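# Observations on the three-dimensional arrangement
Given next are the chains, with one letter for each unit.
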Amino acid sequence: MTLVNELHTQAGCQPFGRDQRLDTAAQAHAADIAAASRIDHVGSDGSTLQQRLNRVTYPYGRASESIAVYRLPEQVIAMWMDEPPDGPHRRNITDCAYGEVGIGLAVDAKGRHWWVMDVANQRGAP
């Protein structure tokens, strides 16, 4: 979380706020994709990110999601940031339109670490 915030502020943004509802949505999706052993933004029940945010009553105005399977968080962030400036995962970290973040991590039976980062802003937020 610290490194994500550093990169977000280096991009000229305010530090990410933390919202338990985003953490809950990200954690649930991490557990779901780990159980299914598949990287997918669609849940095993067919849910989209927006549906998962509605489940946790997060009033999003804009939201996006990044997923990765690496052991260390530094590896995850390095992979996301290794995209061109307009790459979707990199933008999730550097776009100031996102003001809040939630992180989920699930470890499967094989020891693989499944990471989900949900970034969003609440409806009506600047």
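Note that the structure is a prediction, hence the values are computed from the model and not measured.

### Here we look at the sheet that holds strand E1 (residues 17-18)
One open sheet holds the four strands; their spatial order is E1-E3-E4-E2, and the pairing between them is mixed. Of all strands in the sheet, those bounded by a partner on one side alone are E1 and strand E2 (60-69). Pairing analysis gives nine bridges linking E2 to strand E4 (residues 113-122), with the strands arranged antiparallel. Its bridge partner being in E4, Ser 66 is matched across the sheet by Met 117.

### Quick look at the state of the cysteines
Under the definition given, this model contains one disulfide. Between Cys 13 and Cys 96 runs a disulfide, and the two sulfur atoms are separated by 2.0 Å. Measuring the twist about the S-S bond at about -90°, one finds the Cys 13-Cys 96 disulfide to be left-handed. One end of the pair, Cys 13, is in the loop between helix H1 (2-10) and E1; the other, Cys 96, is in the loop between helix H5 (88-94) and strand E3 (100-107), with 83 residues separating them in the sequence.

### Looking at the packing of aromatic side chains
Going through the model one piece at a time under the given rule, you end up with zero aromatic pairs. Sitting over the face of the ring of Tyr 98, Arg 62 holds its NZ or CZ atom 4.7 Å from the ring centroid.

What counts, and at which threshold
Residues numbered from 1 in each chain as written. Predicted model: local features only at pLDDT ≥ 70, side-chain atom pairs only at ≥ 80, totals over all residues. Heavy atoms only, no water. Pairing = 2+ DSSP bridges. Helix = DSSP H or I, 4+ residues; strand = E, 2+ residues; numbered from the N terminus. Disulfide = S-S within 2.5 Å. Phe/Tyr/Trp six-rings, centres within 6.5 Å; stacked < 30°, edge-to-face > 60°. Lys NZ or Arg CZ within 6 Å of the ring centre and 35° of its normal.

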